[in-house]
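# Topology and contacts: notes
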Amino acid sequence: MEELSVGGTIEGWEQLMIGEACVRAASMLEARSITEPRNNAELLLLHVLGLDRAALLRDWRDPFPQRHAKQWEALLARKAAGEPVQYLIGEQWFYGLPYKVTPAVLIPRPETELLVEAVLEAADRLWPGAAGESGADDGAGSDAVQAGAEAGGAREGETSGSDVVQAGGEAGGVPTVVDVGTGSGAIGVTLAALRPRWRVCASDLSPDALAVARTNAEHHGAAARMTFVQGDLLGPFAQPRPGAHVDAAAENVAGLRIDVLVSNPPYIPAGDIAGLQTEVRDHEPRLALDGGEDGLTPYRRMAEQLALLSALPRIVGFELGMGQAEAVADLLRGIGAWREVRIIDDYAGIGRHVLAVE
């Protein structure tokens, strides 16, 4: 592995201290124009050695273990080729929780935590009694109903925990939340983990993404209180027309009253994808990136689909791309259903989220 000779061949890594291996790996990644080379090298090293950061500092001057050299070089080579470190280690932290990530899902970003915060704050004002930690015996989240009727059982490829979702959240003092395009489940699972009384449904067009989201829900103890639905945007939740056929995969949630709609849909303009950094363009799922010609197609479609729901959500929260905030805010203002539609800036001062509240 001549091109990874910053620390020598595989046989030479044991001649280095762990700290030296980290520093030299960071230098190699920097030479390959990898962003945040030191952080990437440290994350890979923690993964390979099975250490946390405190233990890494403790063992900084210990010899690099030769038994880990082959895996270490293999991961460095993949990182140097542009693979996201989160896929290499299989994990990304979000809102203080570890999430499994695979190439089937978009890697959760720190700015999305601001959308979770905004939804929590707005929903806690509307449903203050549902903000407690325990809701197992309060009668708020046990029986599945859709539009006032009992829902059927879960079907293969459709739902998990399907006897959780109820309609009419306002009546029970507990909101029904739908996370559209859930991906890894970062938004929906975090909301369910932080608000156990809430009824949370997570949907995605990709069955592989839903499998990752279910795994994360199970890991954080939220799977039994969530429903997972495969479908395109708000399509599975539309109010059935009289006499119309309802697809079996959407029967449990068709006509569901959604109190809180939250979504981080694809928003990159199709023509901009080729110019994205390698880690994103070549490795993250295009399905989760491509927002159509101007990046706004998913928002327009959801705005149109809102009229097909049994009732308009009391809260709508969207994440969006740079320069899209005003257009999406105007889209929601045009519906005229919410007393407040505001734009939330991210850490860089960019309008990143739009929140509409009744």
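These lines cover the structure that appears in this document, whether it is placed above or below. (Residues numbered from 1 in each chain as written. Predicted model: local features only at pLDDT ≥ 70, side-chain atom pairs only at ≥ 80, totals over all residues. Heavy atoms only, no water.)

Helical periodicity: at 3.6 residues per turn, an α-helix aligns residues three or four positions apart in one direction. Looking only at helix α12 (residues 325-335), the buried set comprises A325, V328, A329 and L332. Around the axis of α12, the buried residues are gathered within 100 degrees of arc, so they sit on the same side. Its buried side turned inward, α12 meets α11 (297-305), β9 (315-319), β10 (340-345) and β11 (351-357). (Buried < 20%, exposed > 50% of the residue type's maximum accessible area, 1.4 Å probe, protein only. Helix = DSSP H or I, 4+ residues; strand = E, 2+ residues; numbered from the N terminus. Arc of directions from axis to C-beta. Contact = heavy atoms within 4.5 Å.)

It is worth spelling out the pairing of strand β8 (residues 260-263) at this point. Side chains V260 and V262 project from β8 onto one buried face, and the interleaved L261 and S263 project onto a second face that is buried too. Here strand β5 (residues 176-180) pairs with β8 via four bridges, running parallel. The partner of D179 across the bridge, within β8, is V262. One ladder, built from four bridges, connects β8 with β9; its direction is parallel. Bridge assignment links V260 to a residue of β9, and that residue is I315. (Pairing = 2+ DSSP bridges.)

Our focus in this paragraph is unusual backbone geometry. Notably, E36 is not glycine yet its phi reads approximately 45 degrees, a positive angle. By secondary structure assignment, the location of E36 is in the loop between α1 (18-31) and α2 (37-49).

By size, the foremost hydrophobic cluster in this structure holds 34 residues, and its most contacted members are L191, W198, M226, I315 and L355. Elements supplying a minimum of two residues to this core: α6 (112-126), α8 (186-194), β6 (199-204), α9 (207-219), β7 (226-230), β8 and β11. Sorting elements by how many residues they give to this core places α6 first, with seven residues. Ignoring anything within four residues of it in the chain, the contact list for I315 reads A122, A123, L126, W127, D259, V260, L261, W338, L355, A356 and V357. (Core = buried A, V, L, I, M, F, W, Y, C linked by side-chain atoms within 4.5 Å.)

This part takes up the packing of α1 against α2. Two quantities define a packed helix pair, namely the angle between the axes and the distance from one axis to the other. Across the interface, α1 lies against α2 with an axial gap of 8 Å and an inter-helix angle of 135 degrees. In terms of orientation, α1 and α2 fall into the oblique class. Seen from above, α1 lies across α2 with right-handed handedness. Contacts between α1 and α2 pair I18, C22, V23, A25, A26, L29 and E30 from the former with P37, R38, N40, A41, E42, L45 and L49 from the latter. (Axes fitted to C-alpha atoms, helices over the stretch in contact; angles between N-to-C directions. Parallel < 35°, antiparallel > 145°, perpendicular 65-115°, else oblique. Left-handed = near helix turned anticlockwise from the far one by under 90°.)

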